Amino acid sequence: MSDFIERSKFSCALGGAITTITAIPKAIPIVHASGGCAAALSNTYNLSSGYRGTGYCGGNMIPTSNITQSHIVFGGEEKLAGQIESTIRYIKGDLYIVVTGCQTELIGDDAVGVALKYRENNVIGVSTPGFKGNTLRGYDEVLCTLIKEVVEKTDEKEEKTINLIGIVPGHDVFFKGNIEHLTDLLKRIGIRANTFFGDGESIEKIKTYGRAKLTVVLSETAGQLAAKAFENVHKIPYITTDLPIGPKATEKFLKLIGEALGIEKEIIDRVVKDEKKYFYSYLERIVDAASDLDFQRYAVIVADSYYAYPLTEFVSEELGWIPYFVAVNDIEDDKLQEEYKNKFDRLTSYTKPEILFESKSGLIEKKLDLIFKEQTDSKYHDRPEPMFIIGSVVERGLAKKYGTGFLSVAFPVSNRVVLNKGYAGFRGALTLTEDLLSELVSAR
Amino acid sequence: MANLLTGDLKYDYLSVDEPPVRDERIGGCTAYFGCCSGLKEDFRKGCAQALNRKFSQSGGCQLMLAMGIINTISNIVTIIHSPLGCCSNLAGMAGVRNISRASRGLKTENQTFIHTNLDELDVVNGGIEKLRRAILYADKEYQPEVIAIMNGCVPGVIGDDVDGLVRELQPKVSARLVPVHCEGFKSRFVSSGYDAANHGILKYLIREPKDTDESGTETEYESKERISKTVNIFNVGSNSHKDELELSRLIKKLGLIPRIVPLHASVYDLDRLGEAALNVSICATHDDYMLGHLKERYGTEYVLDVLPIGINCTNRWLRKIAGHFHLEKEVEELIEEETRELIKAIEPFVKVLKGKRAFVGGGETRILTTADFYRSIGMEIVGIKSHNLDRFVQYLLDEIDNPHLPVEVAAGQPAEELNLLKRLKPDIYIGHIGANGWVTKLGIPNIPLFGTTINYMGYSGAYELARRAARALKNTIFSKNISQNTELPLSDEWMQTYPKKNIVRGALF
């Protein structure tokens, strides 16, 4: 049984479904729920995801069946059918996806069944009541349905094409930039990546995703169900790896995928060499300041599992910071926690971070309070300073309290505007470095 | 005092756990499209109230509006008894609450909220045990003065006995427990959320004050004297601190003592809501439940009339207050002085705005008073859109002298509004959050109808309304650029359909 959560950094399954659908070009959500759910959940991501905005058909533009008290008693399927019929006439879309809220699922409406009646009008249905899980569950439910209902079955496989998933739109505030960096890199080693949400994607293209040779999942907690659906329905195997940030992680990432698809080693080596050279030609610029001003920091990372390890690895292995403390909020299972923890053994830093799995922000703060308190009672104290907290906007208060550097990267990010920037790969890592170090010089 | 707007309404609901929703208590219209004279007629006959729409888009949820009130109370932990989606917007609002608090000189504090995170198992077994643990955790970890429990749809449908739990736990915790029943599906009117929050404050939060005043040095005579001049001004989530300062300034000029409640108030202040000679609303849609019940409880008279926006409405608001204290002469002097000064100050803006065509969309009291102001300085109001319409603005509607004025009633529903705006092509749009972005995509310059840091109320607010509109028209290239380079999702068939065709007699609400 799940526990209560303090200062949640997630929305519900319906919220995850909406942020996912509105990120697919010309896909239209039709929300079978009470009137407020769609706009409220959509706006969670429109605002707190670096001001991503409503986009083509988000926010209060989302068609909704507006279920009220009387439908709870008499059922809302008829209302939904009417709503589907008017939506396909009045809203221009390539695919209409009916998603459901708590109210209609609790009363037993068969929304997926109603949607099925309009299949020839490009309508599909997914069950996504809030109580089914968090944002990540909603993402997986939508992707699974697309994979089963929209992606066409084929025995023809393209040897150098992958499906790249686990990057949750909106929940990864930098999803657009990250996808762009990774698809560009993969393209340079001859691999085409299907991404659902990247520039140039479309429903027509999604139909061809069954031709991919491999699925790559960049998260342990999102995309796993979708990857299994690709495997079961389209016979596409999958591997799970981390979001690569920085030269070392990206080199591993390219080699892992390249080898799985039989890409020549020389091609990968050449791209890695070129990109590494590019990376260091720019990183070199801050060497003087970093050395003269002593930019090495104790790093505290508070994030979901998608970002926690990759960010820790980047600051530890590329910038040479001290990985001090990591709090992860989205892994509950003991075995998965253990596996996730083991990743940190790969770090070369002499200090290995303490890892805490916790979804109550107050208890994370309590833990940090202890660290600070323990070491301030004596005249000489070796406390973890100077410190830099990388988290979400929720941790801004902590950074202020302890007087540390701070950057919000994980959701929610309401203190920054994010357009096309991303942190993945070689070039994304340069952007991340810019953002981290800008914090250190912002008062100068 | 006879009060026209609340005439036959009852305010004796505090014995029940849940207040009635607006659908039952007030009623009103949520869907209409037509001319103003037609609406007045249909509203009087009750036909407008029976309308619904075919194609519908997402509106609001009463939970969010209830949260908008509860979340401003100082030293509070809110528990959202629901799955994670409800109020998930709070994730990125940490700073917003503190901006609001800092602007009022209040201590900034971490916004602590807890989701009971109801899942499939809880739907079967009930969520009460999880809620119990969450309440005990909040009390132990934070020792807040208040723990509010906001009920989402799931506990509402599965029947969690939240009030029973609160009665059981209250003796065991130090915080005051305040359950708020604001399940979204229960009402078509998001304003039910105001009543839900106010019900929680009135029934569970406020208690008899222990001392008469904070310092303890006031004599009984001084205390009576203070209370006899105290005017509680009931603020709303959409007004700024600057609005409060302006309204307080005017009240002080009448020789009265203004006190701003209930938003951002401390528990200490809320306990003393009864220490006032008059309760004054600035928005009837927000406050009637609160003010009506305070009269029941403390016998305090109230003014529930107009939103003090623009010259006419601010004058009217002040006259109603002054009337209670027999300050008719003083208020006329004040109005004369203030309007003279203001009219001179807005002259340069009026030159720019005169004859310009404006459309106003948003909450009923705000749009009608804002439209009245722009009309009063020579702008042409070409249309209005109201989230809903009820008895609280009927007299404002009656005062509109253009029988052909297009009126749309819709919460959200940008498709209908954009369709209308494309036909009307106003020079400027003044609208509620959530609408302005779409209007920009349509290529129409716009300014927000309200903002938590913008002063729109009182005379200084009228100056700002004029100044902002004039400024927006100084450079309109942004909306042009956006409209030429982005696409709206609305089909040609929709844009060619007259929106009135979307309005039908309601089957089920």
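Just so you know, these numbers come straight off a predicted model, no measurement behind them.

1. Some words on the overall build of chain A
- The number of helices and strands found in chain A is 18 helices and 13 strands.
- For 444 residues, the compact-globule formula gives about 22 Å, and the C-alpha radius of gyration of chain A, at 23 Å, lands near that figure.
- Considered along the principal axes of its C-alpha atoms, chain A spans approximately 70 × 55 × 40 Å.
- The buried share of chain A, taken over its 444 residues, is 62%.
- Partitioning the intrachain contacts of chain A with sequence separation of at least 6 by distance along the chain shows that 74% fall at a separation of at least 24.
- Summed over all atoms, the accessible surface of chain A reaches about 17,100 Å², with 48% contributed by carbon and sulfur.

2. A look at the overall build of chain B
- Regarding its fold elements, chain B presents 23 helices and 16 strands.
- Put simply, chain B has 509 residues, and 62% of those count as buried.
- Long-range pairs, those at least 24 residues apart, make up 75% of the contacts in chain B with a sequence separation of at least 6.
- Summing over all exposed atoms, chain B offers an accessible surface of approximately 19,200 Å²; the carbon and sulfur share of this is 53%.
- Treating the 61 positive side-chain charges of chain B as one cloud and the 65 negative ones as another, the clouds have centres 5 Å apart.

3. With respect to the pairing of strand β5 (residues 161-165) of chain A
Residues and elements named next belong to chain A.
- Most of β5 sits out of view: 5 of its 5 residues are buried.
- A two-sided burial pattern is seen for β5, the buried positions comprising Thr 161, Asn 163 and Ile 165 on one face and Ile 162 and Leu 164 on the other.
- In the sheet, β5 pairs with strand β6 (residues 192-194) via 3 bridges, with the strands oriented parallel. Residue pairing in the sheet places Asn 163 in a bridge with Asn 194 of β6.

4. A look at the interface of chain B and chain A
- Chain B puts 65 residues into the contact, and the matching count from chain A is 67 residues.
- The largest per-residue losses of area from chain B upon contact with chain A belong to Ser 58, Phe 185 and Pro 489 of chain B, which jointly make up 11% of the total buried on that side.
- At the boundary of chain B and chain A, one finds 37 residue pairs in polar contact (both at pLDDT 80 or more).
- Of all the secondary structure elements, the ones that give two or more residues to the side of chain B that touches chain A are α4 (94-103), β4 (113-115), α5 (120-125), α6 (128-142), α7 (153-158), α19 (414-424), α20 (436-441) and α23 (492-496) of chain B.

5. Quick word on the environment of Thr 87 of chain A
- Within the fold, Thr 87 of chain A resides in helix α4 (residues 77-90).
- A relative accessible area of 0% places Thr 87 of chain A in the buried class.
- Spatially, the C-alpha atoms of Thr 87 of chain A and Val 300 of chain A are 47 Å apart, while their sequence positions differ by 213 residues.
- Discounting residues that sit within four places of it in the chain, Thr 87 of chain A has contacts with Ile 28, Ile 30, Pro 63 and Tyr 96 of chain A together with Phe 55 of chain B.
- Side-chain polar atoms of Thr 87 of chain A contact the backbone oxygen of Gln 83 of chain A, separated by 2.7 Å.

6. Topic: the sheet that holds strand β10 (residues 322-328) of chain A
Residues and elements named next belong to chain A.
- Spatial ordering of the open sheet is given by β11-β10-β9-β12-β13, a layout of 5 strands whose pairing is parallel. With one partner strand each, in any of the chains shown, β11 (354-357) and β13 (405-408) form the two edges of the open sheet. Geometrically, the sheet is characterised by an average inter-axis angle of 15° between neighbouring strands, direction not taken into account.
- In terms of strand pairing, β10 meets β11 through 4 bridges, oriented parallel. If you follow Val 326 over to β11, its bridge partner there is Ile 355.
- Along the sheet, helix α14 (residues 305-317) makes contact with β9 (298-303), β10 and β12 (387-391), crossing β9 at roughly 165°.

7. A few points about the pattern of salt bridges
- Counted by the stated rule, this structure contains 72 salt bridges over all chains.
- Where Lys 335 of chain A meets Glu 339 of chain A, a salt bridge forms, and the shortest distance between an N and an O atom there is 3.4 Å. Taken together, the residues Lys 335 of chain A and Glu 339 of chain A, both in helix α15 (residues 334-343) and 4 residues apart, mark about one turn of the helix.
- With a relative accessible area of 59%, Lys 335 of chain A lands in the exposed category.
- Overall, Glu 339 of chain A belongs to the partly exposed group, its relative accessible area being 41%.
- Across the salt bridge formed by Glu 275 of chain B and Arg 226 of chain B, the nearest N and O atoms sit 3.4 Å from each other. With Glu 275 of chain B in the loop between α12 (267-271) and β9 (278-281) and Arg 226 of chain B in helix α10 (residues 220-229), this pair connects stretches of sequence that are 49 residues apart.
- The class for Arg 226 of chain B is partly exposed, based on a relative accessible area of 22%.

8. Looking at the packing of aromatic side chains
Residue and element names in this part refer to chain A.
- Counted according to the given criterion, the structure contains 23 aromatic pairs over all chains.
- Consider the rings of Tyr 306 and Tyr 307, whose centres lie 4.9 Å apart with planes at 75°: the pair is edge-to-face.
- Its relative accessible area of 6% is what places Tyr 306 among the buried residues.
- Taken together, a centroid distance of 5.9 Å and an interplanar angle of 65° make the contact between Tyr 340 and Phe 344 edge-to-face.

9. Structural notes on the packing of helix α15 (residues 328-345) of chain B against helix α21 (residues 458-472) of chain B
Residue and element names in this part refer to chain B.
- Viewed as axis vectors pointing N to C, α15 and α21 meet at an angle of 15°, and their least axial separation amounts to 10 Å. Classified by the angle between their axes, α15 and α21 sit roughly parallel to one another. As α15 runs across α21, the sense of the crossing is right-handed. Residues Ile 335, Glu 338, Thr 339, Leu 342 and Ala 345 of α15 touch α21, and the partners they reach there are Tyr 459, Ala 462 and Tyr 463.
- Broken down by class, the residue content of the contact of α15 with α21 amounts to 6 nonpolar, 1 polar and 1 charged.

10. Here's the deal with α4 of chain A
- Taking 1.5 Å of rise per residue, 14 residues should cover 20 Å, and α4 of chain A covers 20 Å from first to last C-alpha, within 8% of that figure.
- Restricting attention to buried positions, one finds in α4 of chain A the residues Leu 80, Ala 81, Gln 83, Ile 84, Ser 86, Thr 87 and Tyr 90 of chain A.
- Tucked into the core, α4 of chain A has its buried residues touching β2 (27-32), β3 (95-100), α6 (111-116) and β4 (123-126) of chain A together with α23 of chain B.

11. Comments concerning the environment of Asp 243 of chain B
Residues and elements named next belong to chain B.
- In this structure, Asp 243 sits in helix α11 (residues 241-253).
- According to the relative accessible area criterion, Asp 243 is buried, its value standing at 1%.
- Residues Asp 243 and Leu 442, spaced 199 residues apart in sequence, show a C-alpha to C-alpha distance of 31 Å.
- A polar side-chain atom of Asp 243 sits 2.8 Å from the main-chain amide nitrogen of Tyr 456.

12. A few points about the domain arrangement of chain B
All names here are of chain B.
- Parsing chain B into structural domains produces domain 1 (62-205), domain 2 (229-340) and domain 3 (346-505).
- On a C-alpha basis, the centres of domain 1 and domain 2 stand 28 Å from each other.
- In this complex, domain 1 contributes 20 residues to the contact, which on the side of domain 2 involves 18 residues.
- Run the count over domain 1 and domain 2 and you get 2 salt bridges.
- Across the domain 1-domain 2 interface, the total number found is 8 residue pairs in polar contact (both at pLDDT 80 or more).
- Put simply, the parts of the chain that give the side of domain 1 that touches domain 2 at least two residues each are α3 (62-70), α4 and α9 (192-205).

13. As for the domain arrangement of chain A
All names here are of chain A.
- What the domain assignment lists for chain A is domain 1 (13-150), domain 2 (161-277) and domain 3 (295-413).
- Taking only C-alpha atoms into account, the centre of domain 1 sits 36 Å from that of domain 3.
- Contact with domain 1, which involves 7 residues of that partner, is made by 4 residues of domain 3.
- Buried area between domain 1 and domain 3, both sides added, is near 360 Å², and the carbon and sulfur share of it is 66%.
- In terms of surface lost to domain 3, no three residues of domain 1 exceed Tyr 45, Ser 48 and Leu 136, which account for 68% of the buried area on that side.
- Here domain 1 is connected to domain 3 by 0 salt bridges.

14. A short note on a negative patch on the surface
Residue and element names in this part refer to chain A.
- There is a patch of like negative charges on the surface, built from Glu 332, Asp 333, Asp 334 and Glu 338.
- Summarising the element assignment, Glu 332 is placed in the loop between β10 and α15.
- Residue class for Glu 332 comes out exposed when judged on its relative accessible area of 60%.

15. Quick look at the nonpolar core
- Ranked by internal contacts, the top residues of the largest apolar core, which has 178 residues, are Ile 135, Trp 317, Tyr 374 and Ile 384 of chain B.
- When neighbours within four sequence positions are excluded, Trp 317 of chain B is seen to be in contact with Ile 233, Leu 247, Ile 251, Val 280, Ser 281, Ile 282, Val 306 and Pro 308 of chain B.
- By size, the runner-up hydrophobic cluster in this structure holds 113 residues, among which are Val 126, Ile 147, Leu 254 and Leu 407 of chain A.

Basis of the calculations
- Residues numbered from 1 in each chain as written.
- Chains lettered and ligands numbered in written order.
- Predicted model: local features only at pLDDT ≥ 70, side-chain atom pairs only at ≥ 80, totals over all residues.
- Heavy atoms only, no water.
- Helix = DSSP H or I, 4+ residues; strand = E, 2+ residues; numbered from the N terminus.
- Rg over C-alpha atoms; globule rule 2.2 N^0.38 Å.
- Buried < 20%, exposed > 50% of the residue type's maximum accessible area, 1.4 Å probe, protein only.
- Contact = heavy atoms within 4.5 Å.
- Areas by Shrake-Rupley, 256 points an atom, 1.4 Å probe, with all protein chains shown as cover.
- Lys, Arg positive; Asp, Glu negative; His and termini not counted.
- Charge placed at Lys NZ, Arg CZ, Asp CG, Glu CD.
- Pairing = 2+ DSSP bridges.
- Buried area = accessible area lost by both parts, 1.4 Å probe.
- Polar contact = N/O pair within 3.5 Å; in protein donor to acceptor, adjacent residues only side chain to side chain.
- Axes fitted to C-alpha atoms, helices over the stretch in contact; angles between N-to-C directions.
- Salt bridge = Lys/Arg side-chain N within 4 Å of Asp/Glu carboxyl O.
- Phe/Tyr/Trp six-rings, centres within 6.5 Å; stacked < 30°, edge-to-face > 60°.
- Parallel < 35°, antiparallel > 145°, perpendicular 65-115°, else oblique.
- Left-handed = near helix turned anticlockwise from the far one by under 90°.
- Nonpolar A, V, L, I, M, F, W, Y, C, P; charged D, E, K, R; others polar.
- Expected span 1.5 Å × (residues − 1).
- Domains from an automatic or database assignment.
- Patch = residues over 30% accessible without salt bridge, like charges linked within 9 Å, V, L, I, M, F, W, Y side chains within 5 Å.
- Core = buried A, V, L, I, M, F, W, Y, C linked by side-chain atoms within 4.5 Å.

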